[in-house]
Structures are given as C-alpha cells and as structure tokens.
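# Residue-level structure breakdown
Residues per chain are reported as follows:
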Amino acid sequence: MKVFRGLPNAAARAPCALTIGNFDGVHLGHQALLAQVRAAADRLGLEAAVMTFEPHPREFFARKARDMSKAPPRIANLRDKLKSLEDHGIDRVIVEHFSDHFAALTPEQFTRDVLVDGLHVKWLMVGDDFCYGARRAGNVQMLMEAGREYGFHVEALPTVMNGASRISSSAVRAALAEGDFPHAEQLLGHPYSISGHVIHGQKLGRTLGFPTLNLRVPHRPALSGIFIVQVHGLAETPLPAVASLGVRPTVEDSGRVLLEVHIFDFARQCYGEAVRVEFLHKIRDEEKFIDLPTLTAAIQRDSDQARAFFTERSGAVNATDRI
C-alpha cells in the first residue's frame, strides 16, 4: 500500500475509486465502505484509495479554539489506522494535513483541486451524511451533481447498523471509555488493541519491582485506566500482562500519555520492537497516590487480579477442551 502525505505529485497520480473520511478505528461501518471501494476498483480497473485527515478536523478546530475538550479522543493511532486500511484491500492512502487552507476550500474548489486534479477520482463512495468544503457547505447531492459535471460516479452508503444502533466511531469511543470490550469488539469486528514500538521510559517500574515496556501514545486515547491485557509480537503466543494507560499522575504532571505494560514472568529487553497490546478487561480508573509505597501496593493488587483472571480463563479453556 502506498501512503502519501498530502496529494500525490503529478507523476504519482492514478485514476482511482475513492472514499473519504477520518476512519478512526476502522469499525464495521468503515469496513463495509472499504469493501465497496475495493469491489468498484476491481470492476473498473482502478486503484482503491482512501483520503483521511491528520489531525482530525474536530481536533484542529478544538486547538484553534483552545478547548481540547471538543476534540474527540482517538480510537487508533495513525499506524494502526493505516494497517487496518491495508488489511481491507486499499492500494493507496492520502493522509491530508488538515489546515486553515484546507478548511477554507469551497465545495467547488475541493471537487476541482482535490478530487479531479489532485486524485483523478473516477468512482467515489461516501457515507450518506457526508459533508465537505468550508463550513461543511457541500453535501452528497452536491457531490453527485459535481460528479456528473466532471465525469466521476458518486454513491452513498447507507448507515451500517448493529441491531437497532448505528455503528460509529462515537459508539466505539463510548464502549472503550466504559471498559466494555465485548461491545467494542462487536462494533470493530475484532478485539481492541494498540500497537507501537517499545521505547525507553523512566525505569521507575523496575525499581518498584514491576518492570514495564512502554509505548508512546501521541494523542488522547479513547480509554484510560488500569487493564488486564495480553501482548502480541514478543513470543509465539500472546503474553499475559497488566497495563496502565494514562498520564501517570503519581509520578509526573506533564500530561504526557503513556501505555506501560508489565508482562508477567518476562525479563527480555525489547526496546525498539513492534508489539500489539490487546485489551481484555478494565480493573480500575487511574489514580493519584500519596507516595510510591502506596502506588506499589496498588500495582501489586492489580497484578494479583490480572494473574487470577488468566488462571481462571486458562481453567475455563481446559475445561472446554475436555468436553
């Protein structure tokens, strides 16, 4: 899969079947959209393409307003989003920098400069609530009219439902915030996880008796707290662990978000290695403790609860195997 930061240069442009959106989490609704794009690309002999945005438009406007409470927390980092898009058959992704200039494009400018001249779109599918251009002035009907003018076909995908509920990134965020991982998995079509490369930390966990591997989380995540997790990528099978995702209020006040994972009975150095942390169960919210001994005692309780979880789960699996 080819990834472009901004519109491809003239030599790299190719006729495409395209969809546009933030694709945070690449949930089942997104996947239905991507399947349609892939099928159209195959049918018409085009490349399957996605245009997405960095930062999220709502995050961009929240920063301008100096009110980050209006920015949606992220379900997935850019790395995980791109991996999901590739897994669903996309040939090229345009990561458009959302800026004042881009936000000011009229619907007509967006159609001409971005879709037609910049991407050579021949077939386009969007959600039935899609809006575009400055102040979200463009809608699906306008896009269809522009397609007839410029020679590309436009289709709108109806809302994808989960029972009586709409599948959306907002619904996934709500499930993650509540620690409802079974519901999040229903909406995503797979268990929720965060991936990244292991970085150096402060080594505080090691001095407390709970060494951790650390992953940088560049954006405010859709969940925080203490979790039972399993780690993929360091062994043939997932490794049981307990994790903290948050701002570490007991030991620093920078506001920097970090994912710290203590893998049970594991001592190998793995700095720089790529791992995927799968979330299984929420233990509690993040807390600020009065001192390090109190923090250490809490980590011990969390670890004991996580170990008991894996012991119980292993016993249930063994019992099923004997049936």
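Attention here is on the structure that accompanies the text. Just so we're clear, the structure is a prediction, and the values are computed from it rather than from any experiment.

Looking only at helices and strands, one finds 10 helices and 14 strands in the protein chain. Each principal axis of the C-alpha atoms in the protein chain carries an extent, and together these give about 70 × 55 × 40 Å. Counting all 323 residues of the protein chain, 48% fall into the buried class. Carbon together with sulfur atoms contributes 52% to the accessible area of the protein chain, which is approximately 16000 Å² in total. Taking the 37 positively charged and 38 negatively charged side chains of the protein chain as two groups, their mean positions are separated by 4 Å.

So, on to the pattern of salt bridges. Per the stated rule, a full pass over the model turns up 17 salt bridges. Notably, a salt bridge pairs R268 with E273, separated by 2.6 Å at the nearest N-O pair. Judged by relative accessible area, E273 falls into the partly exposed class, the value being 27%. When salt bridges that share partners are traced, they join E54, E59, R63 and R74 into one network.

E54 connects to P55 through a cis peptide bond whose omega is 0°. Among the structural elements, P55 can be located in the loop between β3 (47-54) and α2 (57-64). Of note in this structure, H120 is not a glycine but carries a positive phi near 55°. With respect to the helices, strands and loops of the structure, H120 is situated in the loop between α5 (107-118) and β5 (121-127). Of the residues examined, H120 reaches a relative accessible area of 30% and is grouped as partly exposed. Despite not being glycine, R135 has its phi angle at roughly 55°, a positive value. Structurally, R135 is set in the loop between β5 and α6 (140-150). A relative accessible area of 85% means that R135 is categorised as exposed.

Attention shifts here to the sheet that holds strand β12 (residues 239-246). Here we have 6 strands rolled up into a closed barrel, ordered β9-β10-β13-β12-β11-β14, and antiparallel in their pairing. On average, adjacent strands in this sheet sit at an angle of 40° to one another, irrespective of strand direction. Strand direction decides the pairing type here: strand β9 (residues 193-199) and strand β10 (residues 213-216), joined by 2 bridges, are antiparallel. Residue V198 lies in a different strand from β10, and its bridge partner there is L215.

All of the buried residues in helix α8 (residues 181-188) are F181, A184, L187 and L188. Buried residues of α8 fall within an arc of 120° about the axis and therefore sit on the same side. Contacts from the buried residues of α8 go to α1 (28-44), β7 (161-162), α7 (169-177), β11 (225-232) and β14 (274-284). Taking the backbone nitrogen of H183 as reference, a side-chain oxygen 3.2 Å away marks D180 as the first, capping residue of α8. Of the residues one or two after α8, G189 is the one with positive phi, at around 85°.

What follows deals with the sheet that holds strand β1 (residues 2-5). With parallel pairing, the 6 strands of this open sheet are ordered in space as β1-β4-β3-β2-β5-β6. Edge strands, defined here as strands with exactly one partner in the open sheet, are β1 and β6 (153-157). Averaged over neighbouring strand pairs, the angle between their axes works out to 20° when direction is ignored. Pairing of β5 with β6, which is carried by 5 bridges, proceeds in the parallel orientation. Considered in β6, the bridge of L124 is made with V154.

Once that is clear, we can look at the environment of I90. Here I90 is to be found in the loop between α3 (78-87) and β4 (92-97). The class of I90 is buried, set by a relative accessible area of 4%. Sequence separation between I90 and V37 is 53 residues; the distance between their C-alpha atoms is 8.3 Å. Apart from the residues lying within four places of it in its own chain, the contact partners of I90 are M1, L34, A48, A49, V50 and L85.

The rules we used
- Residues numbered from 1 in each chain as written.
- Predicted model: local features only at pLDDT ≥ 70, side-chain atom pairs only at ≥ 80, totals over all residues.
- Heavy atoms only, no water.
- Helix = DSSP H or I, 4+ residues; strand = E, 2+ residues; numbered from the N terminus.
- Buried < 20%, exposed > 50% of the residue type's maximum accessible area, 1.4 Å probe, protein only.
- Areas by Shrake-Rupley, 256 points an atom, 1.4 Å probe, with all protein chains shown as cover.
- Lys, Arg positive; Asp, Glu negative; His and termini not counted.
- Charge placed at Lys NZ, Arg CZ, Asp CG, Glu CD.
- Salt bridge = Lys/Arg side-chain N within 4 Å of Asp/Glu carboxyl O.
- Pairing = 2+ DSSP bridges.
- Axes fitted to C-alpha atoms, helices over the stretch in contact; angles between N-to-C directions.
- Arc of directions from axis to C-beta.
- Contact = heavy atoms within 4.5 Å.
- Polar contact = N/O pair within 3.5 Å; in protein donor to acceptor, adjacent residues only side chain to side chain.

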